[in-house]
Each structure stands twice: as C-alpha cells, then as structure tokens.
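Given next are the chains, with one letter for each unit.
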Amino acid sequence: MVLDECFQVSGDLCKIINNISILREQTESQSLSFGRGQQIMDKQNVPVITLDGPSASGKGTIARLVSQALGFHYLDSGALYRLVALAAMKRNTDVSDEHSMVDIARHLNVSFRDSTIWLDGEDVSNEVRAEACGEYASRIAQYPALRVELLGYQRDFRKSPGLVTDGRDMGSVIFPDATLKIYLTASEEERALRRHKQLMEKGINASIADLIQALRARDERDSSRSTSPLQQCEDACLLDTTGLSIDQVVSRVLNMYAEARKA
Ligand code: DC
C-alpha cells in the first residue's frame with residue numbers, strides 16, 4: 001500500500017466532490033437563517049461515520065478516502081491532540097502541566113486546509129505526524145480537562161452533508177449517536193510494517209522491533225487511561241484490515257454505511 005495512492009482522486013470523483021461542495025455551501029447558507037434550536041436539530045440529523053482504533057491501523061487514510069467518496073467533511077481528532085502537544089513543544093511548555101495544556105487548546109490558532117494543517121500561520125503538516133509528537137499527544141490525551149476543552153470543537157465539525165472522523169473515542173464519547181461506528185484494527189506486525197513504510201517514504205529510519213514496542217506502549221496508554229479510553233464500544237462494527245488493500249477497506253466501509261442508512 002503506497003500512502004500517496006490514498007490521496008489520488010480520479011477526475012470523475014473530483015467533479016462529484018465539487019458538486020457536493022456547492023450543495024454543502026448552499027445547505028450551510030440556508031441553515032444560517034434558522035434559529036439556534038433548528039440548527040441543533042439539523043446537526044443531529046447530519047450523518048456521522050466514526051472510525052476508532054489503535055495506532056497505525058489505517059484509520060486516517062481510510063477515513064479521508066471515505067469522506068472524499070461521500071463528499072463528507074473529515075475530522076482527524078488525533079491531529080488536535082498532536083497540535084496541542086506540538087504547540088507545547090514549540091513554546092517549551094511543560095506537557096505534564098494539565099492546566100497549561102488546556103490553556104494552549106483554548107487559544108489554539110489552527111486551520112485545516114485540504115490535506116494541510118497550519119498552526120499559528122505555519123504549515124506543520126509533516127511536523128505534526130512525527131513520532132515524538134504522537135508520543136506527547138498520547139500523554140496529554142490522558143488529561144480529562146483537556147478532553148473536555150476539545151469536545152465542543154470536535155462536535156462543531158458535524159456539518160451537512162455529513163462527517164467522517166477517526167480517533168479513539170469518536171463513537172464512544174464525541175458522537176455516540178453516529179450512523180455507523182467502526183472499530184478498525186490490524187495485526188500488530190502489519191501495523192508496525194505500515195508505520196515503517198510511512199517513515200521510510202519520509203526518509204526516516206526505524207527498526208520494526210522498535211516500532212512494535214512503541215505501538216504497544218502507546219496502545220496500552222490509550223486503552224488504560226481512565227477518561228475516554230480506546231475501546232470497541234458495543235454498537236461498533238469490528239473491521240480487521242489485516243491482509244486487505246486500502247481499496248478493499250474503503251469499499252467495505254462504504255457498503256457498511258449503505259447498510260447502516262437502510263436500518
Ligand atoms: O491517531 P493519532 O496517532 O494521530 O493520535 C495521537 C494520540 O492522540 C493518540 O495516541 C491518543 C490521542 N487521541 C485520543 O486520545 N483521542 C482521540 N480521539 C484521538 C487521539
């Protein structure tokens with residue numbers, strides 16, 4: 001699986017997505033004339049697909065492609081924790097201070113443009129994906145007050161015509177009424193190989209054994225924390241992607257969504 005393949009969208013699909021974007025803008029401008037109560041009702045009617053799962057299970061790649069195929073918005077919730085961690089690192093702020101992390105989150109100056117991420121006017125798309133950033137993100141993600149601070153921000157991504165999101169607690173806490181909840185996983189070896197390939201493509205060397213250890217430690221921390229731990233919630237469908245191609249996983253998710261809409 002080549003990572004770049006994930007972001008190649010055919011010409012036809014681009015046209016469909018453009019048309020859906022126009023429709024989305026019309027729908028959004030119409031909803032401005034409604035009252036607040038109506039907008040909340042509208043939000044609840046907006047379909048959401050959640051993909052939760054352990055590190056390097058391919059959630060981000062799949063969620064992005066599914067959102068493109070459906071013309072839906074996309075929320076990479078892990079990026080928010082990574083951005084708070086990155087901002088703390090850049091400002092030399094102690095990540096063990098929960099209050100400082102909440103303060104950074106509250107004043108976070110970020111924007112998501114296409115597939116790039118900007119922090120304080122700087123393109124941090126690559127920096128934010130670094131292993132060290134993921135490690136710090138996992139540590140600060142244990143703070144209950146930080147999770148509360150980011151809750152409303154994440155829910156605001158729920159906009160017409162729909163949202164696809166990936167993370168650890170998207171189905172269990174942030175969007176409990178999601179139309180479709182998926183718990184996406186893959187064997188530890190395959191996840192380490194995928195991460196290895198991503199790093200090699202960026203020219204970063206890493207041993208598979210070290211990557212397995214790092215994934216294990218991160219999953220253990222993310223699953224054992226007391227607030228919003230990584231877990232497969234009861235109403236989530238398990239999708240094991242071991243041995244499957246990106247296309248196969250995307251089409252399974254789209255089929256599952258079509259079924260969920262009928263229900
Ligand atoms: O998905 P990711 O690797 O970008 O996430 C980085 C860390 O952020 C992850 O180890 C745990 C945390 N996280 C979280 O606690 N809840 C989420 N919904 C998403 C990420």
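Residues numbered from 1 in each chain as written. Predicted model: local features only at pLDDT ≥ 70, side-chain atom pairs only at ≥ 80, totals over all residues. Heavy atoms only, no water.

**Student:** So what about the side chain of Thr241? Which residues, and what values?
**Tutor:** Residue position: Thr241 is located in the loop between strand S8 (237–240) and helix H11 (246–262). Residue classification places Thr241 among the buried positions, given a relative accessible area of 2%. Within polar-contact distance, the side chain of Thr241 engages the side chain of Arg194 at 3.0 Å. When near neighbours in sequence (up to four residues on either side) are disregarded, Thr241 contacts Ser57, Leu184, Thr185, Ala186, Glu190, Arg194 and Val249. (Helix = DSSP H or I, 4+ residues; strand = E, 2+ residues; numbered from the N terminus. Buried < 20%, exposed > 50% of the residue type's maximum accessible area, 1.4 Å probe, protein only. Polar contact = N/O pair within 3.5 Å; in protein donor to acceptor, adjacent residues only side chain to side chain. Contact = heavy atoms within 4.5 Å.)

**Student:** Could you give an account of the site of the ligand, naming the residues involved and the relevant values?
**Tutor:** Around the ligand, a shell composed of 16 residues is seen, among which Arg82, Arg147, Arg218, Asp222 and Arg225 lie nearest. Between the ligand and Arg218 there is a distance of 2.7 Å, counted from an oxygen atom to a side-chain nitrogen or oxygen. A distance of 2.7 Å is found between an oxygen atom of the ligand and a side-chain nitrogen or oxygen belonging to Asp222. For the ligand, whose free accessible area comes to 440 Å², the fraction covered by protein is 98%. Listed by contribution, the elements that provide at least two residues to the shell around the ligand are helix H4 (77–90), helix H6 (131–140) and helix H10 (208–224). The biggest single contributor to the shell around the ligand is H4, with four residues. Residues of the shell around the ligand, tallied by class, amount to four nonpolar, four polar and eight charged. Shared between two domains, the shell around the ligand holds at least three residues of each, these being domain 1 (47–72 + 161–263) and domain 2 (78–159). (Near = heavy atom within 4 Å. Areas by Shrake-Rupley, 256 points an atom, 1.4 Å probe, with all protein chains shown as cover. Nonpolar A, V, L, I, M, F, W, Y, C, P; charged D, E, K, R; others polar. Domains from an automatic or database assignment.)

**Student:** Residue-level account of the sheet that holds S8, with values.
**Tutor:** If you walk across this open sheet you meet the five strands as S2-S6-S1-S7-S8, and the pairing is parallel. The open sheet has two edge strands with one neighbour each: strand S2 (73–76) and S8. Sheet twist, expressed as the average angle between the axes of neighbouring strands with direction ignored, equals 20°. One ladder, built from five bridges, connects strand S1 (residues 48–52) with strand S6 (residues 163–167); its direction is parallel. Across the sheet, Thr50 pairs through a bridge with Thr165, a residue of S6. Across the sheet, helix H3 (residues 59–70) is in contact with S1, S2, S6 and strand S7 (180–185); its angle to S6 comes to roughly 180°. (Pairing = 2+ DSSP bridges. Axes fitted to C-alpha atoms, helices over the stretch in contact; angles between N-to-C directions.)

**Student:** Requested: an account of H10, with residues and values cited.
**Tutor:** Helix length check: H10, at 17 residues, gives a terminal C-alpha distance of 24 Å against a target of 24 Å (1.5 Å per residue), a fit within 8%. Within the span of H10, buried status applies to Leu211, Ile212, Leu215, Arg218, Asp219, Arg221 and Asp222. Check the buried side of H10 and you find it contacts H4, H6 and helix H9 (188–201). (Expected span 1.5 Å × (residues − 1).)

**Student:** Could you give an account of the environment of Tyr81, naming the residues involved and the relevant values?
**Tutor:** In this structure, Tyr81 sits in helix H4. Between the C-alpha atom of Tyr81 and that of Tyr136, which follows or precedes it by 55 residues, the distance is 8.5 Å. Sequence-distant contacts of Tyr81, defined by excluding residues within four places in its chain, comprise Ala137, Ile140, Ala141, Leu146, Arg147, Leu150 and Gln154.

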